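Okay, here's what each chain looks like letter by letter:
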There are 2 protein chains.
Amino acid sequence: MSFSPLLEELIKSLQCLPGVGPKSAQRMAFHLLDKNRRGAQQLSDTLAHAIADIGHCQRCRTFSEDDVCKLCLNPKRQQSGQLCVVETPADVLAIEQTAQFSGTYFVLMGHLSPLDGIGPDDIGMDILEQRLSQEGIEELILATNPTVEGEATAYYIAEMAAQYQVNVSRIAHGVPVGGELELVDGTTLSHSFAGRVPLK
Amino acid sequence: MSFSPLLEELIKSLQCLPGVGPKSAQRMAFHLLDKNRRGAQQLSDTLAHAIADIGHCQRCRTFSEDDVCKLCLNPKRQQSGQLCVVETPADVLAIEQTAQFSGTYFVLMGHLSPLDGIGPDDIGMDILEQRLSQEGIEELILATNPTVEGEATAYYIAEMAAQYQVNVSRIAHGVPVGGELELVDGTTLSHSFAGRVPLK
Ligand SMILES: [Zn+2]
Ligand SMILES: [Zn+2]
């Protein structure tokens, strides 16, 4: 005994979503069929549209339905001479929300991970190297995550950038502003001490 | 600053799914675009297909792409004379998995909830009454949830069924088999005492 074939198929299809198992997929299917068929139709349409049209920006690799994204097309951004390397499009959004940076970005869409077979070309190193060699970038800011993979990726990019006339910097790691010292993990606290700056 | 318009639209559309907020929708969108476009395409197709074709069984109201579902069409089931009333299609599945019941079902697709404007017709009472008057059902088993709404709904149906020659029963509530007495809530334990049966 199971649900009708089409309902079973819907429950199975919903499990392509990350974090959605059989039980939540069933709950989602019931909810959509019972309470929100209009939302379901819109989701179906938008999914099809997104898959067909969203690719990657040719300059920064972020998700974009245009060949070059709006941010990369902004001439003021281009003239800043600063290029910030991040792992995901969500990181771009987080940095933009600080309003502290007015350069352009390069989105790796991941990080180096030899064990998973993710090498330099998979994170766009060919495109980044081309940009470094052609664009007269003054500062390359490495804002990959402070994880083992993120640090290794930052190190790899720094090595590569050494061949070009470009200053390479890494964002600071330390105790979060507003955080309590006793609640911060040991690694972060070590970073915070190692990276201490003199008070003027 | 935000993502590209189409990506924003996808993130918003995914929030029609129950339990999915902006953050998980973003994670889902990235995952589908980056890692599983094929799954996303299939989800889009299946959703469209399901919305267009899945309706309700004319006899039992469960989700079905056929006018009458497989279970209702089964002549052995029809001849059993037993009709079990449940709140959701998932309840049918749960009861079928016990292999203890070989009659047909009636799926309310909810329960009476006057405060939410859900009255008898919204849970198919017109169809149920018609079946009770026409089909010579011998036993009506009320298997709504043991919640305030489920009990009230069961009571309502029992009252209605009193007009027809049909025995009405309610599934037993009590301490779950294999459960520990001290971990069972008080209401269940009270039910369990009130519904005690003599040892033969
Ligand atoms: Zn771009
Ligand atoms: Zn049916």
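Please read these numbers as outputs of a predicted model, since none were measured by experiment.

K.L.:
Can you lay out the sheet that holds strand E4 (residues 104-107) of chain B for me, pointing to particular residues and giving the numbers?
P.N.:
All names here are of chain B. Within the open sheet, the four strands sit side by side as E4-E3-E5-E6. Their pairing is parallel. Looking at which strands have only one partner, the edges of the open sheet turn out to be E4 and strand E6 (167-170). On average, each strand axis in the sheet is inclined to that of its neighbour by 25 degrees, with strand direction left out of account. Relative to strand E5 (residues 139-142), strand E3 (residues 82-86) is paired through four bridges, and the arrangement is parallel. Its bridge partner being in E5, Leu 83 is matched across the sheet by Leu 140. Contacting E3, E4 and E5, helix H7 (residues 125-134) crosses the sheet at an angle of about 150 degrees to E4.

K.L.:
So what's going on with the sheet that holds strand E3 (residues 82-86) of chain A? Residues and values would help.
P.N.:
Residue and element names in this part refer to chain A. Ordered in space as E4-E3-E5-E6, the four strands form an open sheet in which the pairing is parallel. Strand pairing shows two members of the sheet lacking a second neighbour, strand E4 (104-107) and strand E6 (167-170), which therefore form its edges. Each strand axis lies, on average, 25 degrees off the axis of its neighbour in the sheet, ignoring direction. Alignment of E3 against E4, held across four bridges, turns out to be parallel. Counterpart to Val 86 in the pairing with E4 is Val 107. Packing against the sheet, helix H6 (residues 89-98) makes contact with E3 and E4, and its axis sits at approximately 155 degrees to E4.

K.L.:
I'd like to hear about the coordination of the zinc ion (ligand 2), residue by residue, with values.
P.N.:
Residue and element names in this part refer to chain B. At this site the zinc ion (ligand 2) is bound by Cys 57 (SG), Cys 60 (SG), Cys 69 (SG) and Cys 72 (SG), with donor distances of 2.3 to 2.4 Å. Around the zinc ion (ligand 2), the four donor atoms sit at angles spanning 105 to 117 degrees, and that spread fits a shape best called tetrahedral. Read from N- to C-terminus, the donor residues coordinating the zinc ion (ligand 2) fall into the pattern C-x2-C-x8-C-x2-C. Cys 60 shares its class with Cys 57; the two are buried.

K.L.:
Describe in detail the side chain of Arg 77 of chain B, supporting the description with residues and values.
P.N.:
Within the secondary structure, Arg 77 of chain B sits in helix H5 (residues 75-79). Setting aside residues no more than four positions away along its own chain, Arg 77 of chain B makes contact with Leu 71, Glu 96, Phe 101, Ser 102, Gly 103, Thr 104 and Tyr 105 of chain B.

K.L.:
I'd like a description of the UniProt feature "domain: Toprim" (unreviewed entry) in chain A, backed by residues and values.
P.N.:
Here, the residues flagged by UniProt with the feature "domain: Toprim" (unreviewed entry) are residues 81-176 of chain A. Each end of residues 81-176 of chain A is marked by a C-alpha atom, and these two atoms are 28 Å apart; helix forms 35% of the span and strand 18%.

K.L.:
Give a description of the interface of chain A and chain B that names residues and reports values.
P.N.:
Across the contact, 50 residues belong to chain A and 50 residues belong to chain B. Buried surface at the junction of chain A and chain B, summed over both partners, amounts to about 4,900 Å²; 73% is from carbon and sulfur atoms. Summed over the shared surface of chain A and chain B, the result is zero salt bridges. There are 11 residue pairs in polar contact (both at pLDDT 80 or more) connecting chain A and chain B. Going through the elements one at a time, helix H1 (5-14), helix H2 (22-35), helix H3 (37-53), strand E2 (63-64) and H6 of chain A are the ones with two or more residues in the side of chain A that touches chain B. It is H3 of chain A that provides the largest number of residues to the side of chain A that touches chain B, a total of 14 residues. Counted by class, the side of chain A that touches chain B contains 29 nonpolar, 14 polar and seven charged residues.

Cut-off values and rules
- Residues numbered from 1 in each chain as written.
- Chains lettered and ligands numbered in written order.
- Predicted model: local features only at pLDDT ≥ 70, side-chain atom pairs only at ≥ 80, totals over all residues.
- Heavy atoms only, no water.
- Pairing = 2+ DSSP bridges.
- Helix = DSSP H or I, 4+ residues; strand = E, 2+ residues; numbered from the N terminus.
- Axes fitted to C-alpha atoms, helices over the stretch in contact; angles between N-to-C directions.
- Contact = heavy atoms within 4.5 Å.
- Donors = N, O, S within 2.8 Å, 3.2 Å for Na, K, Ca; no water.
- Tetrahedral: all angles 85-135°; square planar, octahedral: opposite > 155°, others 65-115°.
- Buried < 20%, exposed > 50% of the residue type's maximum accessible area, 1.4 Å probe, protein only.
- UniProt positions renumbered as here; feature names shortened; annotations may be inferred.
- Buried area = accessible area lost by both parts, 1.4 Å probe.
- Salt bridge = Lys/Arg side-chain N within 4 Å of Asp/Glu carboxyl O.
- Polar contact = N/O pair within 3.5 Å; in protein donor to acceptor, adjacent residues only side chain to side chain.
- Nonpolar A, V, L, I, M, F, W, Y, C, P; charged D, E, K, R; others polar.

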